[in-house]
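Understanding the architecture of this molecule
Here's the letter readout for the chains.
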Amino acid sequence: MGIFFKRSEKWSSNFKKANIIVFLFAIAHVVTCFLLHDTKVGDGFFLTILTIAMIFCLIRFYASPFDVFLGIALLGCFAGFYFGTTMGDYLTSIRPEWGVFNNMIVTFVTTEVLGFATILVIGKKSK
């Protein structure tokens, strides 16, 4: 993960670095959603892959075991799908004129929430 993403002894420094990882993946989710949302392929598969990759990077950053990755990745994908589709439908019913930007907003927020939850779960274990 490079020199920047090496863990240190300070919890606050690790927390900031992990949040940068999540933010970068949230941006990647938004770009993917924007480019693929209204295509025949759709964005669901690619967003799922990005979610799993984000969780994997966080697990590697905090040096958690692989079985933790499997559990959190499974829960993260289901939670992301449910939260994303439910909130996307709700936001579209309120502001249909926003179009794909509804989905981009919900995708960004969902990725941030899942990433933050993952950091809280695995970050406490690595203290």
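Placed above this text is the structure.
Since the structure is predicted, the reported quantities are computational estimates derived from the model, not experimental observations. (Residues numbered from 1 in each chain as written. Predicted model: local features only at pLDDT ≥ 70, side-chain atom pairs only at ≥ 80, totals over all residues. Heavy atoms only, no water.)

**Some remarks on the pattern of salt bridges**
Enumeration over the complete set of coordinates arrives at 1 salt bridge. In this structure, the salt-bridge partner of Arg95 is Glu97, at a minimum N-O distance of 3.6 Å. With a relative accessible area of 38%, Arg95 lands in the partly exposed category. Taking relative accessible area as the criterion, Glu97 reaches 55% and is therefore assigned exposed. (Salt bridge = Lys/Arg side-chain N within 4 Å of Asp/Glu carboxyl O. Buried < 20%, exposed > 50% of the residue type's maximum accessible area, 1.4 Å probe, protein only.)

**Quick word on the packing of helix H1 (residues 11–36) against helix H2 (residues 44–61)**
Two elements in contact, H1 and H2, have axes separated by 10 Å at closest approach and are oriented at 170°. When the axes of H1 and H2 are compared, the pair comes out roughly antiparallel. On H2, the residues that touch Asn14, Lys17, Ala18, Ile21, Val22, Phe25, Ala28, His29, Thr32, Cys33 and Leu36 of H1 are Phe46, Leu47, Leu50, Thr51, Ala53, Met54, Cys57, Leu58 and Phe61. By residue class, the composition of the contact of H1 with H2 is 15 nonpolar, 4 polar and 1 charged. (Axes fitted to C-alpha atoms, helices over the stretch in contact; angles between N-to-C directions. Helix = DSSP H or I, 4+ residues; strand = E, 2+ residues; numbered from the N terminus. Parallel < 35°, antiparallel > 145°, perpendicular 65-115°, else oblique. Contact = heavy atoms within 4.5 Å. Nonpolar A, V, L, I, M, F, W, Y, C, P; charged D, E, K, R; others polar.)

**Topic: the packing of aromatic side chains**
Per the stated rule, a full pass over the model turns up 8 aromatic pairs. Seen from their ring centres, Phe15 and Phe116 are 6.0 Å apart, and the 75° between their planes marks the pair as edge-to-face. Placement of Phe15 in helix H1 and of Phe116 in helix H4 (residues 100–125) is noted, with a sequence separation of 101 residues between them. What makes Phe116 partly exposed here is its relative accessible area of 37%. Taken together, a centroid distance of 5.3 Å and an interplanar angle of 40° make the contact between Phe66 and Phe69 tilted. Of this pair, Phe66 and Phe69 both sit in helix H3 (residues 66–94), 3 residues apart, which is roughly one turn of the helix. You can call Phe66 exposed: its relative accessible area is 51%. Site record: aromatic cluster; members linked through ring pairs are Trp11, Phe15 and Phe116. (Phe/Tyr/Trp six-rings, centres within 6.5 Å; stacked < 30°, edge-to-face > 60°.)

**Things to note about the packing of H2 against H3**
Two quantities define a packed helix pair, namely the angle between the helix axes and the distance between the axes. The N-to-C vectors of H2 and H3 enclose an angle of 145°; their axes lie 9 Å apart at closest approach. Judged by the twist between their axes, the crossing of H2 over H3 is right-handed. Packed against H2, whose contacting residues are Thr48, Thr51, Ile52, Ile55, Phe56 and Ile59, the element H3 presents Val68, Phe69, Ile72, Ala73, Gly76 and Cys77 at the interface. (Left-handed = near helix turned anticlockwise from the far one by under 90°.)

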